[in-house]
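Reading the structure
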Amino acid sequence: MASPVVTSIELTSLPKVASGKVRDLYEVDDKTLLFLTTDRISAYDVIMGNGVPSKGAVLTQMSAHWFRVLSERVPGLKTHLLTLAPPTSLSPAEKDLVRGRSMQVRKLKVFPIEVIVRGYITGSAWNEYKKSGTVHGLPQPTGLQQCSPFPKAIYTPSTKAPLGQHDENITPAQAAKIVGERYADRIEALALQVYNTGAAYARERGIIIADTKFEFGLDQETDQIVLIDEVLTPDSSRFWPADEYEVGRDQNSFDKQFLRNWLIQEGLKYKEGVAMPADIAEATAARYKDAFQRLSGKTLEEALAAL
Ligand code: ATP
Ligand code: MG
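Note that the structure is a prediction, hence the values are computed from the model and not measured.

Parameters at a glance
- Residues numbered from 1 in each chain as written.
- Chains lettered and ligands numbered in written order.
- Predicted model: local features only at pLDDT ≥ 70, side-chain atom pairs only at ≥ 80, totals over all residues.
- Heavy atoms only, no water.
- Buried < 20%, exposed > 50% of the residue type's maximum accessible area, 1.4 Å probe, protein only.
- Helix = DSSP H or I, 4+ residues; strand = E, 2+ residues; numbered from the N terminus.
- Pairing = 2+ DSSP bridges.
- Near = heavy atom within 4 Å.
- Polar contact = N/O pair within 3.5 Å; in protein donor to acceptor, adjacent residues only side chain to side chain.
- Areas by Shrake-Rupley, 256 points an atom, 1.4 Å probe, with all protein chains shown as cover.
- Nonpolar A, V, L, I, M, F, W, Y, C, P; charged D, E, K, R; others polar.
- Axes fitted to C-alpha atoms, helices over the stretch in contact; angles between N-to-C directions.
- Contact = heavy atoms within 4.5 Å.

Points about the pairing of strand S3 (residues 32-37)
S3 sits mainly inside the fold: six of its six residues count as buried. As paired strands, strand S2 (residues 23-29) and S3 are joined by six bridges and run antiparallel to one another. Pairing of Tyr26 across the sheet is with Leu34, part of S3. Counted along the chain from S2 to the antiparallel partner S3, the turn is two residues long. Pairing analysis gives five bridges linking S3 to strand S7 (residues 102-106), with the strands arranged antiparallel. Considered in S7, the bridge of Leu34 is made with Gln104.

Here's what the structure looks like:
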């Protein structure tokens, strides 16, 4: 049976601590959060009125897959994932509701920047480069074309704007002032290592991860930097199908292209709360599931059955 589309999760057994564009966060205890990923989807910074079937499960299982792969390949990497099992305090109905989309994670102090790494030049980076030859204020080689790879992936942080506002691109030096000099270099080195490892892994599986946004937290007891939030998903990254990649033009986005094309065609770009037709939602779901299967080698159903 297909599971229902879930666009908000209301649990009564635990206190809700936050609700973002895609996630609802509950507190399990003073050290643990229940990190729940809904089927909400946003395009052009606007959340659609309906959700994408299975999206919350795909994002959760994909992040879990990456946490395993990256922990094996990046020496010393710490992540916030504790378990995919729901807290024992949930009622049976609540456990059913969160199945596949739940992670218990370590509650940490979040560094208040978006830790962006770019392997290819596109989006706001391409716009800045065309004007000034720089990206986040950092000088770049001449002759890059739209969607060219950078000679080496670069760390291009941004501010973390509150819901509804836009993040602002900043230089690594500005980011260091926000997170503190004590942590800045370690965050940068870790982000580049995680991106390079993940991008190479995805490239072997037919997906170019053009750029991505990580979040890091601080374990205040050990002073360790911890990889938190979702990791290397199509929501936090630009995924491009490698077999369609061509330098010098815009690339199709792996997951949201159907939705974006439909919003543009209907003249609904930037309109709040629009409902997508069922075929657009289904086609989008199929792309998310395809990305999961390419990366993990398993279907979503297989991953869920193994929980
Ligand atoms: P978007 O991802 O679309 O920019 P968002 O980040 O505001 O939106 P969600 O992804 O829906 O929101 O919610 C996740 C929230 O949980 C983020 O605010 C993130 O900083 C926070 N978070 C992630 N991991 C942890 C953690 N281990 N401890 C504390 N907060 C966390
Ligand atoms: Mg987020």
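A short note on the site of ligand 1
Near ligand 1, the surroundings consist of 18 residues, among which Val22, Arg23, His80, Arg106 and Glu215 are the closest. In the environment of ligand 1, an oxygen atom lies 2.6 Å from a nitrogen or oxygen atom belonging to the side chain of Glu215. Within the complex, the protein chains bury 81% of what would otherwise be the 620 Å² of accessible surface of ligand 1. When contributions to the shell around ligand 1 are tallied by element, the ones reaching two or more residues are S2, S3, S7 and strand S14 (207-219). Of the residues that constitute the shell around ligand 1, the class distribution is eight nonpolar, two polar and eight charged.

What about the sheet that holds S7?
Remark on secondary structure: sheet strands pair via backbone hydrogen bonds, oriented parallel or antiparallel. Spatial strand order, S1-S2-S3-S7-S6: five strands in an open sheet with antiparallel pairing. Among the strands making up the open sheet, the edge pair consists of strand S1 (16-19) and strand S6 (81-83). Each strand axis lies, on average, 35° off the axis of its neighbour in the sheet, ignoring direction. Running over the sheet, helix H1 (residues 55-73) touches S2, S3, S6 and S7 and is turned about 45° from S7.

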